[in-house]
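Chain by chain, the residues run as shown.
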Amino acid sequence: MLRLKYFIVVGLFLSSFSISFGQKKPLDHTVYDQWQSLGEKSISSNGQWIYFTVDPQEGDGYLVLSSPDSLTQIQFNRGYSASFTPDAKFLIFKIKPPYQDVRNAKIKKIKSDAFPKDSLGIYDLTKKTLNKISNVISYKFPKDSSSWIAYHLGKLAADTSIKKMQKDTAVKKDTSIKQQIPVIIEQTPDKKQKRKLSAKGENDDDVADDNDEDADGDLNDANGVVEGTDLVVQNLLDGSAITFNLVQEYLWSENGKLLVLKSSASKVDKAKKPSVLVWRSIEKRTDSIFTGANDIRNLAIDKQGYQISFLAERDSAVKSLQKFYKIWYWRNGDKEASVLADKFSVGMKANWSISQYLTPYFSKSGSRVFFGTAPIPSIKDTSLIEMDLVKLDIWNYKDDYLQPYQLKNVEQESRRSYLASVDLNSKTFLQLADPLVPQVVLSQEGDGDFYIGISDVGNRISMQWEGATKKNIFEIDPKSGNRKAIVSNLNGMPQISPAGTYVYWYDMSKKGYSVYQNGGIKSLGVGIPTVLYDEEYDMPSPPTPYGIMRWHEKDSFVYVYDRFDVWKVDPLSVRKPENITLTGRKTHTSFRMIVLDNEKKDISYGEKIVLRTFDEVSKHSGISSLTICCSEKPIQLQQGGYSIASVLKSKNSQSFIYTKETFSTAPSIYYSTDFSAEKKLSSINLQQADYNWMTAELFTWKAYNGRVATGIVYKPENFDPAKKYPLIAYFYETLSDGLFGYLPPAPTPSRLNIPFFVSRGYIVLAPDIRYTDGNPGKSAYDYVVSGARALVKKGWVDSTKMGIQGQSWGGYQAAHIITRTPLFAAAWAGAPVANMTSAYGGIRWESGMNRQFQYEKSQSRIGATLWQKPQLYIENSPLFYLPAVKTPLVIMSNDNDGAVPWYQGIELFTAMRRLNKPVWMLNYNGEAHNLVERKNRKDIQIREQQFFDWLLKGEKPAVWLTKGVPATEKGKTWGFETDLDHP
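Residues numbered from 1 in each chain as written. Predicted model: local features only at pLDDT ≥ 70, side-chain atom pairs only at ≥ 80, totals over all residues. Heavy atoms only, no water.

Visitor: Explanation requested: the nonpolar core in the structure shown.
Guide: In a soluble, globular protein the nonpolar side chains are often hidden away together inside. If you look at the biggest cluster of nonpolar residues, it comprises 54 residues, and the most contacted ones within it are Phe52, Tyr714, Ile754, Leu922, Phe947 and Phe948. It is helix H16 (residues 934-953) that provides the largest number of residues to this core, a total of six residues. Not counting the four nearest positions on each side in its chain, Tyr714 is found in contact with Met694, Thr695, Ala696, Gly738, Leu743, Ile754, Val758, Tyr762, Ile763, Val764 and Ala766. One finds Phe699, Ile817, Ala827 and Met836 within the second-largest nonpolar core, a separate group that totals 53 residues. (Core = buried A, V, L, I, M, F, W, Y, C linked by side-chain atoms within 4.5 Å. Buried < 20%, exposed > 50% of the residue type's maximum accessible area, 1.4 Å probe, protein only. Helix = DSSP H or I, 4+ residues; strand = E, 2+ residues; numbered from the N terminus. Contact = heavy atoms within 4.5 Å.)

Visitor: Even after reading the chapter, I still don't get the sheet that holds strand S45 (residues 643-649), so can you show me in this structure?
Guide: Read from one edge of the open sheet, four strands run S45-S46-S47-S48, paired in antiparallel fashion. Strand pairing shows two members of the sheet lacking a second neighbour, S45 and strand S48 (678-680), which therefore form its edges. For this sheet, the mean inter-axis angle between neighbouring strands, taken without regard to orientation, is 30°. Judged from the five bridges that link them, S45 and strand S46 (residues 656-661) form a sheet pairing that is antiparallel. Of the residues in S46, the one forming a bridge with Ala645 is Thr659. (Pairing = 2+ DSSP bridges. Axes fitted to C-alpha atoms, helices over the stretch in contact; angles between N-to-C directions.)

Visitor: Teacher, can you tell me more about helix H15 (residues 903-914) here?
Guide: One turn of an α-helix holds 3.6 residues; hence residues three or four places apart share an orientation. Its twelve residues give H15 an end-to-end C-alpha distance of 16 Å, which sits within 8% of 16 Å, the value for a rise of 1.5 Å per residue. By the burial criterion, the buried members of H15 are Gln904, Gly905, Leu908, Ala911 and Met912. Viewed end-on, H15 has its buried residues packed into an arc of 140°, placing them on one side of the element. In this structure, H15 carries Arg913 and Arg914 as exposed residues pointing more than 90 degrees from its buried face. Of the residues one or two after H15, Asn916 is the one with positive phi, at around 60°. (Expected span 1.5 Å × (residues − 1). Arc of directions from axis to C-beta.)

Visitor: Explain the confidence of the model for the protein to me, please; I cannot follow it from the model alone.
Guide: Where the model shows low pLDDT, its predicted coordinates should not be examined in detail. With 90% of its residues at a pLDDT of 70 or more, the protein has an overall mean of 90. The model gives residues 1-21 a pLDDT under 50, and that stretch makes 31 contacts with residues more than four places away or in other chains. Across residues 157-223, where pLDDT falls below 50, the model places 173 contacts with residues more than four positions away in sequence or in other chains. (pLDDT = per-residue confidence, 0-100.)

Visitor: Even after reading the chapter, I still don't get the side chain of Thr662, so can you show me in this structure?
Guide: Within the secondary structure layout, Thr662 lies in the loop between S46 and strand S47 (668-672). Given the relative accessible area of 16%, Thr662 is considered buried. A polar atom in the side chain of Thr662 sits 3.0 Å from the backbone nitrogen of Thr665. Apart from residues no more than four positions distant in its own chain, Thr662 is found in contact with Gly641, Tyr642, Phe740, Gly741 and Tyr742. (Polar contact = N/O pair within 3.5 Å; in protein donor to acceptor, adjacent residues only side chain to side chain.)

Visitor: Would you explain the packing of helix H10 (residues 776-792) against helix H11 (residues 809-817) in this entry?
Guide: For any two helices packed against each other, one specifies the inter-axial angle together with the distance between the axes. Packing of H10 against H11 brings their axes to within 9 Å, and their N-to-C directions diverge by 80°. In terms of axis orientation, H10 runs roughly perpendicular to H11. Residue-level inspection shows Pro776, Gly777, Lys778, Ala780, Tyr781, Val784 and Val785 of H10 in contact with H11, the latter providing Trp809, Tyr812, Gln813, His816 and Ile817. Class assignment for the residues of the contact of H10 with H11 results in eight nonpolar, three polar and one charged. (Parallel < 35°, antiparallel > 145°, perpendicular 65-115°, else oblique. Nonpolar A, V, L, I, M, F, W, Y, C, P; charged D, E, K, R; others polar.)

As structure tokens, this is what we get:
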């Protein structure tokens, strides 16, 4: 009923709106679901094919396969999680069941067996044929081989006969494929995208999604046996296939020569025990290398496809509360796997064992294997009766971490593993990490001559007010495990150069880079005339750096960013730093490298790199190229009034795809071989042409602090300078760099839905705010109020019809501003802090951290403790100045907010209520700091429109504003209807 009532209310609301835009309609609340975005995107290794997904906000999306000239485009309905094979001969993807089927199954609470399942699509790019396989959980193919694919079937498919499976997998034409004219997409990363690139570089879709989250929920029987399902290994070239039963886990070698499988016991055939199998793709031979265990997990293969490692536990009873795992190892030629390390290994700490929570991995050369160890956990006393147990948290001032932080991370801590290794030549076990030095960073992918250890032991309590911990850094010998101190109390995080020559870091306290080699530390970047940290940083903590671009091959140089340019720096300081981009600071344009090959960790002489450019004045984006040699200047390939992002390169050709967007044009995918001549491949949201959209422009004025201020002004497409428009100011910190960003009409987590309001006749101002320590509230006032008044002087903003809206930090600023001026006729504050004195010592429940650091070092910008400068906390707290408020206020404070405790909203609401100030508070039950559930996002959009239309446009108010919704009517009525009795 809720869903139905929404559309009834929206329809009634729209019917009262006089459409005066000719054929251009104003946006309404019914448009959200159909509005599309771009999701996944990739280009084949030869550059001859591109795929991308188009996703509506709600409903069924599709996958598009396109040629570079867009003359051939094929649409696969509901396709996602796609990958090209390395040889660019096949496109593999999953196919979701229809959205409505999934929705109906959830409504009916259908069990996992009958729940709609994904299918797998294998499209032959040469033959133009599709092989569609139903009920597929996941698929993988080797990183560097294109002959084979393995796909894991769900339980229903596993129960069918081989004959039935072969019939289902026969090559057939899919009626969901359509020839399509260029389709267009959006650049924003899609949260629905489930495919990820694993550490081994495999195309791994073993991640549950909304459609199959319960797919394995029925595999546990009364005896606790978890039974695997069928895995099909298919030759993509000739179509031949082999099926393995009872598979739970599988992994390809990068070269595709080995497939390692973990199979389960059978609930029917008790003779079948858990096993590890190796299938050889060349010989098509299967070997059992391990069998008979209570648990097998965490398969690993070395880069050469020569060695395998995994964890197994076979000694305890099936239901034992304490299990001791061993690391097992197999090398090509071995008949079966053997134990590599266990709790009895020489060098293993007393009362420690192999951790089951860290997957083993090999060094790049395969000469070392790494895995986790941990103290043997204590056994829970099952004889204690639950009703007699005391539930108690003990807070001790000597604890490293506060109890809420410990409780929030209790599962993570119970799974904490400490890195250990075995040298596969000498079979020597070595413990690398421990509770005193819990983090170890490997050099040269595990083959380096030294590693580094990182420890914050002894420095953790200060996280309460610092927000982070200082680190002690050690050099570790990978052969002996001996440690040597490098630097203490580092306010930063060290890294190792690609060739393993240097340890380097940025120390935020010292505002500079350093390098370490052979016991000596040197400053990095001496002689650079500009600072390498954020020039505009305006928090009380030390400024953050612009970062390192890349190291040169053999670690001979390092490339460092300043605000605009790139500096080539000799880590030994023998040669003077060289500005290789030259023009950045002169033109106010920043240069930043676009990483086109994630596997290449350094830059070579003569290499041509691609740089993203951004003009800080005009906000124009572009692409430049730069050849690393000969003091050449960057070559500008394109630049303009748009935002460019998501640049991808084909592996074996000079072919690129990328997205471009503006405030009036949804993101589109482009293809180019040189970033100059380009071909547009996609077009989404063509329905936008039917609606009154918006324009965006930079606006400058003088703020009350005397500085020149900048912001974005959004105007309706049919803007008439002779009219007077209502205005809403939306703000956070700085927003003007997003001038050319596309803002789709969407039910937002609680931010202002800018295109929606502008389409309906509002002006929206998004001002940048620059802060001074100790005065965050006044800083917001200086910029927001001055900006609104500057727009009034333009003549087309009604000074009596202005509102403000902000969420989180913006919500705090909105609440503060209305205590200092009656200028605004309406205010909306999402998750605001009302009282800094009570918020200061509270807990951010989402992380378990104390809030003190936020006020002393971070966003709240007080820069002192409550007892050092109590007056600043009071001056910046809206609560203490509420008697002056004349602006009606809506607060959103949710009872599961993990960032700003919802009692801050309660303090603000109850105080204004007592003062008889018009105030409302929305508490979306169980919701977070920003709304997560789409139904709640849709709800708040309607209420926000009704609130601002009432006070800024003179529309009749809704009942929830004038009369409220009693608790007895909760879940029955929503209060959306207009209060016709209200004057």
